[in-house]
Amino acid sequence: MSRVLVKILLAPIILPMIIVMSLLSLMITIVASVYENVAGLPMKLVGICILLALFTKSWLAAVLFGIILAMGYLVVILAAFVSSLLDVGRNSLATFMLSR
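Read on for an overview of the structure. All values derive from a computational prediction rather than experimental measurement.

A separate point is the packing of helix α1 (residues 2-55) against helix α2 (residues 59-98). Packing of α1 against α2 leaves a shortest axis separation of 7 Å and a crossing angle of 160°. Accordingly, the angle class assigned to the pair α1 and α2 is roughly antiparallel. Relative to α2, the crossing made by α1 is left-handed. Grouping the amino acids of the contact of α1 with α2 by side-chain chemistry returns 34 nonpolar, seven polar and five charged.

Below you can see the structure in the form of structure tokens.
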């Protein structure tokens, strides 16, 4: 009896949270997809710059280009991580609301 009462009292709070988490996850996924498509060519160019710096033995330039490349990939990885955390949170709230 008390669990049903808690669900009824928390429904006005949890349902908007589920909607906001879904929208945030969708927005992050769309932005990450656009970023992957737009940043694909510059990332390949940075990879070529790394190879050229290695062949010319410009170690500092190779390291700097490597850091730039790593930061670009880190953005995509973090966006996917945050999106998955939002999905997990949304699914746990939805499971709580739909459980008996």
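Here we take up the nonpolar core. If you look at the biggest cluster of nonpolar residues, it comprises seven residues: Ala 11, Ile 14, Ile 18, Met 21, Leu 86, Leu 93 and Met 97. Broken down by secondary-structure element, the contributors of at least two residues to this core are α1 and α2. With four residues, α1 is the single largest residue contributor to this core. In contact with Leu 93, not counting residues within four places along its chain, are Ile 14, Met 17, Ile 18 and Met 21.

Scoring rules and cut-offs
Within each chain, residue numbers correspond to sequence positions counted from 1 in written order. Only residues with pLDDT of at least 70 get local features here, since the model is predicted, and only at 80 or more are side-chain atom pairs given and counted; chain-wide, interface and lining totals rely on the full set of residues. The side-chain numbers reported here are obtained from all heavy atoms of the structure, hydrogens and water having been left aside. Geometry is summarised by axes, namely lines fitted to C-alpha atoms with helices restricted to the contacting stretch, and by angles between N-to-C directions that run from 0 to 180 degrees. Secondary structure elements are taken from DSSP: a helix is a run of H or I of four residues or more, a strand is a run of E of two residues or more, and numbering for both begins at the N terminus. Note that the term roughly parallel is reserved for angles under 35 degrees, roughly antiparallel for angles over 145, roughly perpendicular for angles of 65 to 115, and oblique for everything else. Left-handed is the label given to a crossing in which the near helix is rotated counterclockwise from the far helix by less than a right angle, and right-handed is the label when the rotation is clockwise. Only Asp, Glu, Lys and Arg are considered charged in this grouping, and only Ala, Val, Leu, Ile, Met, Phe, Trp, Tyr, Cys and Pro are considered nonpolar; every other residue, Gly among them, is considered polar. We call a set of buried residues a nonpolar core when its members are Ala, Val, Leu, Ile, Met, Phe, Trp, Tyr or Cys and they connect through side-chain atoms within 4.5 Å of each other. Type-normalised accessible area, obtained with a 1.4 Å probe on protein chains alone, sets the label of each residue: buried when under 20%, exposed when over 50%, and partly exposed for intermediate values. Pairs of residues are marked as contacts when any of their non-hydrogen atoms sit within 4.5 Å.

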